[in-house]
Amino acid sequence: MSTEAQIDAALDAVVVAARHHRTVLQAGAAEEQVWRAYVALNNATVRYDDLISDVYDEVTPWDCEYLETDEAVAAASAGGSVPTGSAPVGDGALMVSVRHRRDYVIPEPSRLLALATETRRTSWATVDSTHAARPVTDLGEAVNELVQAGDGTVAALDAYPEDLVPGNGVLLVNAVRRPLTFSDGPDGADPLLLGPDEEQLYRMDEEIVDEDTVEPVSDYPAPRGPLVDPTASSLW
């Protein structure tokens, strides 16, 4: 993807995000939906502003920085307090694992690879020229490249609604007893599976109710006892 094409795509993303933000406001949507639309618009404008600055050494009237969606705001807007399992509340330390799965549809994989390759080239040009010149050939690598070019979180993907169409998601909070380690390497135990003495404390489902809107549909604690959920995954 050429520099001009990348700028055009970034500008299109601003327009799409602005229209979605207006639609959400007109619909009187919940606070979480408004916040997500705001973050998408903010991050799209930052992306466009960065490109304008890099290519033309000019700026836009927008004075924005990358933001990430706040799941605490989402939970509060869903109504009421956050439910918990059997985890103690008090001064004692507690270790928790937070997992956020979000599904995406990639309409044109080749276009996403081209976008990630161009993003890598511009993001890494002054850091590692060898890495910057290497094309992105794997979709997983492409998604990671776009995340790292943004704010380092899944929220960065909101800037590419045409190349990564968001689907349903789920937020899980688990009580764990052992910290995450990588001593066993990639062939070791699955880091997402819970042990027999660990449990899920909280789950919030996010469902796509139409092509433009994501809203939480359920807030509930998990049943007591060990949980193995092989279907959940995380981009983090």
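Details of the structure are given in the entry above.
Below you will find a few notes about this structure. Residue indices begin from 1 for each chain and proceed along its sequence in written order. Side-chain atom pairs in this predicted model are given and counted only at pLDDT of 80 or more, local residue features only at pLDDT of at least 70, and totals for whole chains, interfaces and linings cover all residues. Excluding hydrogens and water, the side-chain values take into account all heavy atoms of the structure.

## Some details on the overall build of the protein
Piece 1. Comment: elements are numbered from the N terminus, with helices defined as DSSP H or I runs of at least four residues and strands as E runs of at least two. The number of helices and strands found in the protein is six helices and four strands.
Piece 2. Counting from the amino terminus, the protein carries its helices and strands in the arrangement α-α-α-β-α-α-α-β-β-β.
Piece 3. The buried label applies to any residue whose accessible area, calculated with a 1.4 Å probe on protein chains only, is under 20% of its type's maximum; exposed applies above 50%, and partly exposed to all values in between. For the protein, the proportion of its 236 residues judged to be buried stands at 36%.
Piece 4. A sequence separation of at least 24 residues applies to 71% of the contacts in the protein between residues at least 6 apart.
Piece 5. Total accessible area computed for the protein in this model is approximately 13300 Å², and 54% of it derives from carbon and sulfur atoms. In what follows, a contact means two residues having at least one pair of non-hydrogen atoms within 4.5 Å. All accessible areas in this document rest on Shrake-Rupley with a 1.4 Å probe, and a residue is counted as covered only by the protein chains that are shown.

## As for the environment of Pro-196
Piece 1. Within the element layout of this structure, Pro-196 appears in the loop between β2 (165–175) and β3 (199–208).
Piece 2. Separated by 20 residues in the primary sequence, Pro-196 and Val-176 place their C-alpha atoms 10.0 Å from one another.

## Examining helix α6 (residues 139–149)
Piece 1. Of the positions making up α6, those classed as buried are Ala-142, Val-143, Glu-145, Leu-146 and Val-147.
Piece 2. Any pair of N or O atoms that falls within 3.5 Å is considered a polar contact. Within protein, one atom must be able to donate a hydrogen and the other to accept it, and sequence-neighbouring residues count only if both atoms are side-chain atoms. Capping the start of α6, Asp-138 holds a side-chain oxygen 2.9 Å from the backbone nitrogen of Gly-140, two or three residues further along.

## Details of the nonpolar core
Piece 1. Buried Ala, Val, Leu, Ile, Met, Phe, Trp, Tyr and Cys residues that are joined via side-chain atoms within 4.5 Å together make up what is termed a nonpolar core. The biggest cluster of nonpolar side chains holds 15 residues, and the ones touching the most others in it are Leu-112, Ala-142, Val-143, Leu-146, Leu-157 and Leu-164.
Piece 2. Listed by contribution, the elements that provide at least two residues to this core are α4 (109–124) and α6.
Piece 3. One finds Ala-10, Ala-13, Val-14 and Leu-51 within the second-largest nonpolar core, a separate group that totals nine residues.

## What to know about the packing of helix α1 (residues 3–26) against helix α2 (residues 31–56)
Piece 1. Axis angles are defined between N-to-C directions and span 0 to 180 degrees, where every axis is a line fitted to C-alpha atoms and, for a helix, only to the segment in contact. Contact pair α1 / α2: the axes reach a minimum separation of 8 Å and the direction vectors enclose 155°. Judged by the angle between their axes, α1 and α2 are roughly antiparallel. Here the hand of the crossing between α1 and α2 comes out left-handed.
Piece 2. Residue polarity is assigned by list, with Asp, Glu, Lys and Arg as charged and Ala, Val, Leu, Ile, Met, Phe, Trp, Tyr, Cys and Pro as nonpolar; anything else, Gly included, falls into the polar class. Each residue belonging to the contact of α1 with α2 can be placed in one class, and the counts come to 20 nonpolar, six polar and two charged. For classification purposes, an angle smaller than 35 degrees is called roughly parallel, one larger than 145 roughly antiparallel, one from 65 to 115 roughly perpendicular, and anything else oblique. What makes a crossing left-handed is the near helix being turned counterclockwise from the far one by less than a right angle; a clockwise turn instead makes it right-handed.

## Concerning the packing of α4 against α6
Packed helices, taken two at a time, are described by the angle between their axes plus the distance between the axes.
Piece 1. Their axes nearest at 9 Å, the elements α4 and α6 cross at an angle of 45°. Considering their axes alone, α4 and α6 lie oblique with respect to each other. With respect to the hand of their crossing, α4 and α6 are arranged in left-handed fashion. Across the interface between the two elements, Pro-109, Leu-112, Leu-113, Leu-115, Ala-116, Thr-119, Arg-120, Ser-123 and Trp-124 from α4 touch Leu-139, Glu-141, Ala-142, Val-143, Glu-145, Leu-146 and Ala-149 from α6.
Piece 2. Looking at the contact of α4 with α6 residue by residue, the classes come out as eleven nonpolar, two polar and three charged.

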